[in-house]
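Here is what each chain is made of, one letter per residue.
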Amino acid sequence: MKTLRKSPRKKSAARPRGGSSAPRPKAPIVIRGARVHNLRNVSLELPRNRLIVFTGVSGSGKSSLAFDTIYAEGQRRFVESLTAYARQFLERMDKPDVDFIQGISPAIAIEQKATAKNPRSTVGTSTEIYDYLRLLFARIGRTVCPTCTRPVHRDTVASVIEKLEELAAKNGPVKFHILCPLAPHPSASLKQEIDYLKKKGFIRVMVGKEAVDLSTSPLPARARKSDVRIVIDRLVYRPGGADTRTGDSVETAFNQGDGYASVVLHETGEEFHFNRHFECSTCRVRFEEPDPRLFSFNNPYGACPECQGFGKSVGIDMDLVVPDKEKSLRDGAIHPWTTPKWHDNLRGLLRIAYEQKIRIDVPWRELTVRETDIIINGSKGFEGLNDFFKKVGRKAYKIYYRIFLSRYRGYTLCAACAGTRLRPAALNVRIRDRNIPEIVSLTIDEAHRFFGRLKLTAYELSVARRILEEVNRRLEYLVDVGLGYLTLDRLAGTLSGGETQRINLATALGSSLVGSLYVLDEPSIGLHQRDTRKLISILESLRDVGNTVIVVEHDAEIIAAADHVVDLGPGAGEQGGAIVAAGSVRDIGLAADSLTGKYLSGALSIAVPRRRTVSGAKRIVLAGARENNLKSVDLSVPVGRFTAVTGVSGSGKSTLVHDCFYAALRREKGDYSLQAGKYRELTGAELVDAVELVDQAPIGRTPRSNPATYTKVFDLVRELFASTQAARVRGFTPGSFSFNIPGGRCETCEGSGIQTIEMQFLADIELPCESCKGKRFRSEVLDAHYHGKSIDDVLGMTVTQAMAFFSATPQGKKIVSRLRVLSDVGMGYVRLGQSSTTLSGGEAQRIKLASHLANTRPGSRTLFIFDEPTTGLHFHDIAKLLAALNALVERGNTVLVIEHHPDVIKCADWVIDLGPEAGQKGGRVVAEGTPEEIAAVGASHTGKFLKALLGMRE
């Protein structure tokens, strides 16, 4: 495995006059007058072929400069090189608001948003590894008969001669007969078959083991067609090679015998059977020859016909049939049998329970596999759940039965393919005793080792060398970016934004492009501090092969590794958009106005709490979590405290908190829509009244959704505008100022402010609506003003501007109080009407946090779960986030965060560290306690970083 190292750079000498040997220094990327979004006429020069980091407080304009200016211009110039059909759309494409850009290379953006929406998309397909595996199995895979486990192969004339050569090498010259069966003519009698053979010149046959000369002797009276075999030739094979007659006779046997032929040794009578069909020589079962389509679940030819390649099909979901596994059979654990109409089925179960030794007074989760099998599949004298639902299904033509079945239907593992997504024929093809579903179920680490140790024959190697090189190279890059714990069949839709971005990064590295411009958006998201070094090596390798790498980042270690740093600010939104400092890391640290420099130099820091408040706290305990890679983990969360769950990437944090703890609590509170992961017991759920998951999912899925609508501020704004004199004269109501319902909105764009142009060759283009010019409302509605501002003007204000605007009037106090919470969590730069589809995951999460802060009151008992709330946050903004989280705790709530950032971990009351490694090597609690106690545990990777941060001695 190659190790990616930072190669030393040689200083280029000045070009001698008249010479051509010295390389010309690369011209910098020059930007003049960038004014996209909040950028304030920014001008700068960026060195080429360097690792460049854009940093600054959240909302300072980093993404506007990196993505919306530099990358957008690179993309626009690429489209200009396309055909006239493509260029006809360029007049309507927005050019970045910049005066001049020079020296820009073809640009590639690697963003953190998970874009895969196809439920068939997996890690293997998105990295193209699965495509190479399909080709590999089609070319060198060996089909194995599932009945006798013998290899299946197609015989040829060459393989028959090869067998004869093997016999001759052992025993000397071989005398043998070449035989073949009668060709299948179902309507012909045996006499007709024999007459047909005589006409073709075949006069010798074998009936059983008896030779018959048709020219002189009749067939035995009891002979059947299946007993008769044609003697094609009698030959002698000598070591050293075959003559033409041998090959011709074998070919004739295959043709006359419908692809079947036999070699019978004259001296011993031993027989060897051959056939040209792809079938098992023992079981006579014919198989399909491997083809790349056969292994594709995206192709009807290879996809399982039952589930169409999804791996899951609609069936009876036992989690819906038994929603509360704490109930016993007698208490109604089987939900459909608790109704009067079907109660007789429960009585039938109780009648046979004693005889079948089924416990009816213990919780469902404690029943053995044998007991649940009888309940589901039935036994003598008892109709099980499966037969019960089949009986109900036969009456599904009645609406009552259809509604009844719908309550218990869900997506379950496909019974036909067991989740492999492929037809049974694909499962019979193997490479070194593994079929393709078994290989893609391996982790990337395991697959990398498997193919690294794969031993092939000389022929197989000649066929598969190029394919294996591509597979190994892609697997190696995925391991290098810290994704070795993912399985190749992991659904792409279940990946985090950081994992998706690192997969794209590994794919980009595998493309071996040179002279390109890579723009990355916070690649450290979801990455433990231990794995950051691997990421830096990848970025450096991209740079060292001749690319320019621009990274929007807040991580201190990545900033420290940069060749050039650009710090934007000094504030967010309207107060940002300027270059505060640019140069080396040392230059940033010396800049007086750079907040980033002050945190990097230690002049500013996030203080460690003076004391931890954990003692005496009651706890919610989830015991025995065993989902995915968890090894019977116990999670103990102190109520009314701030708890952080940490660990290396892939150690099981999300599985434990999301799939097990959160889902179990929601089900305990009566919400059975979520399927909880496997666990033994949940106690202490009564200590909280509600549980809220504040994740990075978008706050809305349409362009009409925005921070103002999500936080309910827009309801107050609409009421205020409806109360103005101009609105009352025109008869406007608060609904007239809504872009979600007809009335006052622009009907051309239906209130979204944009129109989508479909592009057949590129992603669709979103342009401002031609009717309302992006203002979303009819002109009459826009004529209604409140203190000189229209509704569109208000939606265009930032949170900070809106607070100043509405604070001047008594009617706006309610609006200001709601907006203040957004400002407190660092979202003062966001515009009220900014489309939710343009918000990052971290921004969406902070807006949700602000909404909860505005709606919770002292004494509330809610458990808030946050998934990496520091995403997209600068050091200065993390301090604001911690203040908001502590405010929730002070009001009596419980806060649980999944986090990697050491500044958040050091401020938590309680830390639960998972590991020690990722994937199957993780899934255990390495340490739990206060941050100081975690830092003292040598086996904890998190503790090593906390120790330095807390100033503890080694």
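Residues numbered from 1 in each chain as written. Predicted model: local features only at pLDDT ≥ 70, side-chain atom pairs only at ≥ 80, totals over all residues. Heavy atoms only, no water.

Colleague: Explain the overall build of the protein chain to me, please; I cannot follow it from the model alone.
Modeller: When its secondary structure is counted, the protein chain shows 34 helices and 31 strands. In terms of overall dimensions, the protein chain has C-alpha extents of about 120 × 100 × 70 Å along its principal axes. Classification of the 954 residues of the protein chain by burial places 51% in the buried group. Taking contacts inside the protein chain between residues at least 6 apart in sequence as the whole, the part at least 24 apart equals 68%. Total accessible area computed for the protein chain in this model is approximately 45200 Å², and 50% of it derives from carbon and sulfur atoms. Averaging the locations of the 132 positively and 107 negatively charged side chains of the protein chain gives two centres separated by 1 Å. (Helix = DSSP H or I, 4+ residues; strand = E, 2+ residues; numbered from the N terminus. Buried < 20%, exposed > 50% of the residue type's maximum accessible area, 1.4 Å probe, protein only. Contact = heavy atoms within 4.5 Å. Areas by Shrake-Rupley, 256 points an atom, 1.4 Å probe, with all protein chains shown as cover. Lys, Arg positive; Asp, Glu negative; His and termini not counted. Charge placed at Lys NZ, Arg CZ, Asp CG, Glu CD.)

Colleague: Help me out: how do you make sense of helix H22 (residues 653-668) in this one?
Modeller: Within an α-helix, residues lying three or four positions from one another point in the same direction, as the helix has 3.6 residues per turn. Counted at 1.5 Å a residue, the expected span for H22 with its 16 residues is 22 Å, and the 21 Å between its end C-alpha atoms agrees. Of all the bends in H22, the greatest, near 25°, is centred on Tyr-662. H22 sits mainly inside the fold: 12 of its 16 residues count as buried. Burial in H22 covers these residues: Lys-653, Thr-655, Leu-656, Val-657, His-658, Cys-660, Phe-661, Tyr-662, Ala-663, Ala-664, Leu-665 and Arg-667. Phi for Gly-670, located one or two positions after H22, is positive at around 100°. (Expected span 1.5 Å × (residues − 1). Bend = angle between axes of the 7 residues up to and from the residue.)

Colleague: Mind showing me how you'd approach the side chain of Lys-906 here?
Modeller: Of note, Lys-906 is situated in the loop between helix H32 (902-905) and strand E30 (910-915). The exposure class of Lys-906 is buried, given its relative accessible area of 4%. Setting aside its immediate chain neighbours within four residues, Lys-906 contacts Ile-606, Ala-607, Val-608, Pro-609, Arg-612, Pro-931, Leu-946, Leu-949 and Leu-950.

Colleague: Sorry, what's going on with the packing of helix H15 (residues 444-452) against helix H16 (residues 458-480) here?
Modeller: Each pair of packed helices gets described by two things: the angle between the helix axes and the distance between those axes. Running from N to C, H15 and H16 cross one another at 145°; their axes reach a closest spacing of 9 Å. Regarding H15 and H16, the two cross each other, and that crossing is left-handed. Residue-level contacts link Ile-444, Asp-445, Ala-447, His-448, Phe-451 and Gly-452 of H15 to Leu-468, Val-471, Asn-472, Leu-475, Glu-476, Leu-478 and Val-479 of H16. A breakdown of the residues in the contact of H15 with H16 according to their chemical character gives eight nonpolar, three polar and two charged. (Axes fitted to C-alpha atoms, helices over the stretch in contact; angles between N-to-C directions. Left-handed = near helix turned anticlockwise from the far one by under 90°. Nonpolar A, V, L, I, M, F, W, Y, C, P; charged D, E, K, R; others polar.)

Colleague: For this particular structure, what's the right way to read the state of the cysteines?
Modeller: By definition, a disulfide links the sulfur atoms of two cysteine residues through a covalent bond. Under the counting rule described, the total for this entry stands at zero disulfides. No disulfide involves Cys-769; its sulfur sits 3.8 Å from that of Cys-772, the nearest cysteine. (Disulfide = S-S within 2.5 Å.)

Colleague: Would you mind showing me how to read helix H11 (residues 385-393) here?
Modeller: For H11, the complete set of buried residues consists of Leu-385, Phe-388, Phe-389 and Val-392. Here the buried residues of H11 occupy an arc of 90° about the axis, which is enough to place them on one side. Contacts made by the buried residues of H11 are with strand E14 (312-316), helix H8 (318-321), helix H9 (343-356), helix H10 (369-377) and helix H12 (399-406). (Arc of directions from axis to C-beta.)

Colleague: Would you take a moment to explain the side chain of Asp-903 for this structure?
Modeller: Tracing the backbone through its elements, the reader meets Asp-903 in helix H32. A polar contact of 3.2 Å, which involves the side chain of Asp-903, links it to the side chain of Lys-906. Not counting chain neighbours up to four residues away, the residues in contact with Asp-903 comprise Ile-606, Phe-875, Leu-882 and Leu-949. (Polar contact = N/O pair within 3.5 Å; in protein donor to acceptor, adjacent residues only side chain to side chain.)

Colleague: Would you take a moment to explain the packing of helix H5 (residues 157-171) against helix H7 (residues 244-256) for this structure?
Modeller: Where H5 meets H7, the axes come as close as 10 Å, and the angle between the chain directions of the two elements is 125°. The pairing of H5 with H7 is recorded here as oblique in orientation. In this structure, H5 crosses over H7, and the sense of that crossing is right-handed. Seen from H5, the contacting residues are Val-157, Val-160, Ile-161 and Leu-164; seen from H7, they are Thr-246, Gly-247, Val-250, Glu-251 and Phe-254. For the contact of H5 with H7, the residue count by class is six nonpolar, two polar and one charged. (Parallel < 35°, antiparallel > 145°, perpendicular 65-115°, else oblique.)

Colleague: I'm lost on the pairing of strand E12 (residues 260-265) in this one. Help?
Modeller: Extensive coverage of E12 is indicated by the burial of six of its six residues. Examined bridge by bridge, strand E8 (residues 174-181) and E12 share four bridges and lie antiparallel to one another. Bridging from a neighbouring strand, Leu-179 pairs with Ser-262 of E12. Here E12 runs beside strand E13 (residues 271-275); their pairing, made up of five bridges, is antiparallel. Directly across from Val-264, in E13, lies its bridge partner Glu-271. (Pairing = 2+ DSSP bridges.)

In short, shape yes, function no, at least from these values alone.
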